[in-house]
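Analysis of the macromolecular model
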Amino acid sequence: MENQAVKLESDTQRVILTILALLLGTFVIFYAIHQIQMSDPYVREVLSQPASIERGHAIFQMNCAGCHGLDAKGRVGPSLLGVSERRSQVRLIHQVVSGQTPPMPKFKASPKEMADLLSYLERV
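Calculation notes
- Residues numbered from 1 in each chain as written.
- Predicted model: local features only at pLDDT ≥ 70, side-chain atom pairs only at ≥ 80, totals over all residues.
- Heavy atoms only, no water.
- pLDDT = per-residue confidence, 0-100.
- Helix = DSSP H or I, 4+ residues; strand = E, 2+ residues; numbered from the N terminus.
- Contact = heavy atoms within 4.5 Å.
- Polar contact = N/O pair within 3.5 Å; in protein donor to acceptor, adjacent residues only side chain to side chain.
- Core = buried A, V, L, I, M, F, W, Y, C linked by side-chain atoms within 4.5 Å.
- Buried < 20%, exposed > 50% of the residue type's maximum accessible area, 1.4 Å probe, protein only.
- Patch = residues over 30% accessible without salt bridge, like charges linked within 9 Å, V, L, I, M, F, W, Y side chains within 5 Å.
- Areas by Shrake-Rupley, 256 points an atom, 1.4 Å probe, with all protein chains shown as cover.
- Salt bridge = Lys/Arg side-chain N within 4 Å of Asp/Glu carboxyl O.
- Disulfide = S-S within 2.5 Å.

**Quick look at the confidence of the model for the protein chain**
- Scored by pLDDT, the protein chain comes out at a mean of 89, with 92% of its residues at no less than 70.
- Averaged over each element, pLDDT in the protein chain is lowest for helix α1 (residues 2-38) (77) and highest for helix α7 (residues 111-121) (98).

**Remarks on the environment of S79**
- Along the polypeptide, S79 turns up in the loop between α4 (65-68) and α5 (83-86).
- With residues up to four places along the chain from it excluded, the contact list for S79 reads A72, K73, G74 and R86.
- A distance of 3.2 Å separates a polar side-chain atom of S79 from the backbone nitrogen of L81.

**Description of the nonpolar core**
- Core analysis: the biggest nonpolar cluster contains 21 residues, and F60, F107, M114, L117 and L121 have the highest contact counts within it.
- Those elements giving two or more residues to this core turn out to be α2 (41-48), α3 (53-63), α6 (89-98) and α7.
- Examining the composition of this core, we find that 6 residues originate from one element, α7, more than from any other.
- Each residue touching F107, except ones within four places of it in the same chain, is listed here: I59, N63, V96, V97, M114 and L117.

**Some details on a nonpolar patch on the surface**
- Taken together, the side chains of V15, I16, L17, I19, L20 and L23 define a hydrophobic patch exposed on the protein surface, amounting to about 580 Å² of accessible area.
- Tracing the sequence through the fold places L20 in helix α1.

**Quick notes on α6**
- Considered for burial, the residues of α6 that qualify are V90, L92, I93, V96 and S98.
- Among the residues trailing α6, G99 stands out with phi positive, at a value near 70°.

**So, the pattern of salt bridges**
- Tallied over the entire structure, the rule returns 5 salt bridges.
- Its salt-bridge partner being K73, residue D71 comes within 4.0 Å of it at the nearest N-O pair.
- Look at D71 and you get partly exposed, because its relative accessible area is 41%.
- Judged by its relative accessible area of 53%, K73 falls in the exposed class.

**Quick look at the state of the cysteines**
- Applying the stated criterion to the full structure yields 0 disulfides.
- Counting only cysteine sulfurs, C67 is the nearest neighbor of C64, a cysteine outside any disulfide, at a range of 8.8 Å.
- Classification of C64 as buried rests on a relative accessible area of 14%.

Put into structure tokens, the structure is as follows:
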């Protein structure tokens, strides 16, 4: 009976250590990805800019509202309500400027314009 208890304890410890190792590995991978993304000079410049929600709203209305709706609730493009809760700023920047999500076109925003747009998106 005592051997079974020792074996169960040992198995439990192995499972816990495996879970901890997986969590640590996941964290390291996400951290490395974040560091690579932050090495992009455009991203760094965008994130260092002071931002204006009002200018961001105007940029959104001129460039994004046609697909995402005047109120960002979606039309042709998806709703952007709460998007900053689902996506990091770095990921949003990449999404907007890359054009890798058809049919969304590339948006060539200056760092200041992108900072303003991000500021607006944080509020919708």
